[in-house]
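Summary of the model geometry
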Amino acid sequence: MPLAFVFMAGLTGCFTSFEPDIDSKPVLCMNSLITDGDSIKVSLTRTWRWSEGVVVEGYDQAPIDLVVYDGVIKLFVDNEYKETLKLVETEGDYPYRKKKWVYVAEYIPKSGDTIRLEALSEEYGEASAEVEVPYAVPIENVDYTVKDFVMDGDESSMEDLTYYFDMDLLVWFSDPGYTTDYYMFKTSTSGHKSGEGDDGSSFSEYIYYSDVSDDPLFSEHVSALESAVGIYSGYTFFSDRQISGKKYSLHVDLDDICYCLRNPSGHPDVGNAEFYMDLYTISPSYYKHVISVWQSNDGIVGSLGGVGLADPVFESSNVSTGAGVVAAAAVSKYAIPFADIREKAENN
């Protein structure tokens, strides 16, 4: 049993709700992930007291709106003023919110840029943050093996054809060595497609899989004690403290892969699926924020702090108000076509 739960088991009892008389004024909260080659989008909200209500839909209470609509956000690049961002309405993260408001810049950032955002609101005051956009570290090669490859269906008709398999991969890259670097790794696929062909027949393409990668770098922030009591990472963020200046291969496991095809009309956009390996180089502000979130939610100190047995762990922020994070990233992508995977499986 994890150590935190042992402590919490002895603290059960009677509780009552109360409203602490704390004089606190909302401040600006600024969040943005600035990526090399992509437009800058900034979420500008304000902090709130928990008793004000809930933020997301789906509760008995009506959700509160935290967006700061009267904000002015100025963009500086390498200490030079570039523009004032515009507030626009975009698609939200359904089902939590169907629409969301973000401030958008026309300037497209690039690696090496030092980005500074300065926000101002008449009601909530000022907030600022600065970050440098890192350089991507290329994925040099991906070695992989295909296991338990099974096909269900008739390839000649392309009616309800399904492939089942697992993959074991080694993703090779070289850490530069002359800088302190932070990384995030993700796997993804080319996505889902569906529709109707010219002859009226339906087509579809779906890929499902489980990423169970457990490379040692993914758990470098987990202490020996946390590991001993069964607390693990679940994150794919890591630093170069163990691999600085070295060539390294991330061990990636993809299990229970299911690739489903239906394409009787031979639609050209179906059947060209790819798997993607994405290696992000991230700013220190992003790394520190994510690790602090993990420590607060899953680490021993955060668990003990939640029941009053240790100091609370607060999320790391590089925003002047202490609310939010302005981070930056650059990504290197590596694609593995399903056609290559099938050929390798058939030749084994």
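Read on for an overview of the structure. Everything numeric in this text was worked out from a predicted model, so none of it was measured. Here the residue index of a chain counts from 1 through its sequence in written order. Where local features are concerned, this predicted model is filtered to residues with pLDDT of at least 70; where side-chain atom pairs are given and counted, the filter is 80 or more; whole-chain, interface and lining totals use all residues. Think of the side-chain values as coming from all heavy atoms in the structure, minus any hydrogens and water.

**Structural notes on the layout of surface pockets**
We count it as follows: Only protein atoms enter the calculation, which uses a 1 Å grid: trapped sets of points that fit a 1.4 Å probe without letting it out are cavities, open sets showing protein on both sides within 12 Å along at least five of seven lines are pockets, and any residue with an atom within 4 Å of a point is a lining residue. Grid points are joined across faces, edges and corners, and a volume is the space filled by probe spheres set on the points. Here a helix means four or more residues in a row that DSSP labels H or I, a strand means two or more in a row labelled E, and each is numbered from the N terminus. When residues are grouped by polarity, Ala, Val, Leu, Ile, Met, Phe, Trp, Tyr, Cys and Pro land in nonpolar, Asp, Glu, Lys and Arg in charged, and all others, Gly among them, in polar.
Of the pockets and cavities examined, the second largest pocket occupies roughly 320 Å³. In this structure, the second largest pocket is lined by 18 residues; those nearest its centre are Pro134, Tyr135, Thr179, Thr180 and Asp181. Listed by contribution, the elements that provide at least two residues to the lining of the second largest pocket are β8 (125-132), β16 (274-282) and α3 (284-297). Considered class by class, the residues forming the lining of the second largest pocket number 11 nonpolar, five polar and two charged.

**Some remarks on the pairing of strand β12 (residues 193-196)**
Counted only if it meets this: Only when DSSP finds a minimum of two bridges between them are two strands counted as paired.
Of the pairings in the sheet, the one linking β12 to strand β13 (residues 202-211) comprises four bridges and is antiparallel in character. The residue bridging Lys193 from the neighbouring strand is Glu205, located in β13. Adjacent in sequence and paired antiparallel, β12 and β13 are bridged by five residues, among which Gly200 carries a positive phi angle near 90°.

**Focus on the pattern of salt bridges**
Oppositely charged side chains may form a pair once their charged atoms are brought near each other. Just so we agree on the cut-off: By definition, a salt bridge exists where a carboxyl oxygen of Asp or Glu is found within 4 Å of a side-chain nitrogen of Lys or Arg. Burial classification: accessible surface area is computed with a 1.4 Å probe over protein chains only, and a residue below 20% of its type maximum counts as buried, one above 50% as exposed, and the rest as partly exposed.
Applying the stated criterion across every chain yields a total of nine salt bridges. When the shortest N-O distance is used, the salt bridge between Arg116 and Glu130 registers 3.9 Å. Of this pair, Arg116 sits in strand β7 (residues 114-121) while Glu130 sits in strand β8; the two residues are 14 residues apart in sequence, bridging distant segments of the chain. The exposure class of Arg116 is buried, given its relative accessible area of 18%. For Glu130, a relative accessible area of 45% gives the class partly exposed. For Lys333, the salt bridge is made with Asp278, and the minimal N-O distance between the two is 3.1 Å. Of this pair, Lys333 sits in strand β17 (residues 326-337) while Asp278 sits in strand β16; the two residues are 55 residues apart in sequence, bridging distant segments of the chain. Ionic contacts of the salt-bridge type, sharing partners, join the residues Arg116, Glu118 and Glu130 into one network.

**So, the sheet that holds strand β14 (residues 237-239)**
Which entries qualify depends on this criterion: Every axis corresponds to a line fitted to the C-alpha atoms, with the helix fit spanning only the stretch in contact, and the corresponding angles, defined between N-to-C directions, vary from 0 to 180 degrees.
The strand order across the open sheet built from eight strands is β5-β6-β2-β1-β17-β16-β11-β14, with neighbouring strands paired in mixed fashion. Each edge of the open sheet carries a strand with a single partner, namely β5 (86-91) and β14. Going from strand to strand, the sheet's axes swing by 35° on average, the running direction of each strand aside. Sheet topology places strand β11 (residues 182-189) next to β16; eight bridges connect them, and they run antiparallel. Across the sheet, Phe185 pairs through a bridge with Leu279, a residue of β16.

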